[in-house]
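Residue-level structural notes
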Amino acid sequence: MKKIFLVCLIAIFLSGCAQTSKFVYPSKAENLIQLYKETKYNLRVAVLPFEEKRGDINKSNYIFYLIPLMIVTSGRYERPDAARPFLTTSEFDFDVSEDIAKAVVTSLKRSNLFKDVFFTFGGESINADLIIKGDIESMRYVGKLYSYGISVACPVLWLLGLPAGTSYNELSLRLYLTKKDVEEPIWEYAFTKESLIVQGVYYNWGKDVKGYTSLLEEGMNDAIQSLDRELSSINFRK
């Protein structure tokens, strides 16, 4: 009976780790800053796909939890969108270059800084007054699995409420605003945000990469306030 119980536990947790996480932005509309009730600048802004500047090393040592007396194992990913598995999910559905740019559009629209903000691969930028580009400098994920030195029996301790592990998310972006057909930015802003959660069967299960949404929300709220101050300080006009 003990063996059957243990096999069932392992099956339950393996099936849980088979789910896919998807990047959704925003988590809530009210999490995005709204600076003005009405449009401040009567301008159209085009947002292009972000440039890839991340490293490309993804390394997982989770399997080593099978070794007796191993207490902690980990997965370290520079490109979590191209990695698997995570602590409690299998993969991350995230088209980083495009999805981040579209998230920037959503945040800017919410702010009411500009009359119109839209995503484009480049062709429609001719219809814009301003262009926003960006670099994805870092998007690290570090997951740690706690096996407590008891190998495949560790889910028993998880069921008792002990942590299954932790997930660390880091997001580092750089944004540029330029006038159409002008290379020199009139505004540049960089931010790095990070979060760490403790996960267990009864808390934060399946939220391994959920932090990237809140990190981008926070970063864009800061960036939009910086952009507003910069445009105001130079008495910006079309």
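**Topic: the pairing of strand β5 (residues 72–77)**
Bridge analysis of strand β4 (residues 58–60) against β5 gives 3 bridges, and the strand direction is antiparallel. From the neighbouring strand, Asn58 faces β5, where its bridge partner is Tyr77. Examined bridge by bridge, β5 and strand β9 (residues 141–146) share 6 bridges and lie antiparallel to one another. For Thr73, the partnering residue across the bridge sits in β9 and is Leu145.

**Regarding the layout of surface pockets**
Gaps left between atoms show up when a probe the size of a water molecule is rolled over them. Of the volumes computed, that of the second largest pocket is approximately 200 Å³. Secondary-structure elements contributing two or more residues to the lining of the second largest pocket are β1 (20–22) and α4 (211–233). Per-element accounting of the lining of the second largest pocket gives the leading share, 3 residues, to α4. Tallied by class, the residues present in the lining of the second largest pocket amount to 4 nonpolar, 6 polar and 4 charged.

**Observations regarding the nonpolar core**
Counting 52 residues, the largest nonpolar core has Val47, Phe50, Ile100, Leu108, Phe114, Leu171 and Leu216 as the members making the most contacts within it. A total of 8 residues in this core trace back to one element, the largest contributor, which is α4. Those residues in contact with Ile100, other than ones at most four positions away along the chain, are Phe50, Phe94, Asp95, Ile136, Leu171, Leu173 and Leu216. Ala46, Leu48, Phe118 and Ala128 belong to the second-largest nonpolar core, a separate cluster that totals 5 residues.

**Remarks on unusual backbone geometry**
A cis amide bond links Tyr25 with the next residue in sequence, Pro26, at an omega value of -5 degrees. With respect to the secondary-structure elements, Pro26 resides in the loop between β1 and β2 (41–47). A positive phi is found at Leu69, a non-glycine position, where the angle reads about 75 degrees. Within the secondary structure, Leu69 sits in the loop between β4 and β5. Residue classification places Leu69 among the exposed positions, given a relative accessible area of 72%. One non-glycine residue, Tyr148, lies in positive phi territory at about 55 degrees. As for its placement among the helices and strands, Tyr148 is situated in the loop between β9 and α3 (154–159).

Rules and cut-offs
Residues numbered from 1 in each chain as written. Predicted model: local features only at pLDDT ≥ 70, side-chain atom pairs only at ≥ 80, totals over all residues. Heavy atoms only, no water. Pairing = 2+ DSSP bridges. Helix = DSSP H or I, 4+ residues; strand = E, 2+ residues; numbered from the N terminus. 1 Å grid on protein atoms, 1.4 Å probe; cavity = no way out; pocket = protein on both sides within 12 Å on 5 of 7 lines; lining within 4 Å. Points joined across faces, edges and corners; volume = space filled by probe spheres on them. Nonpolar A, V, L, I, M, F, W, Y, C, P; charged D, E, K, R; others polar. Core = buried A, V, L, I, M, F, W, Y, C linked by side-chain atoms within 4.5 Å. Buried < 20%, exposed > 50% of the residue type's maximum accessible area, 1.4 Å probe, protein only. Contact = heavy atoms within 4.5 Å.

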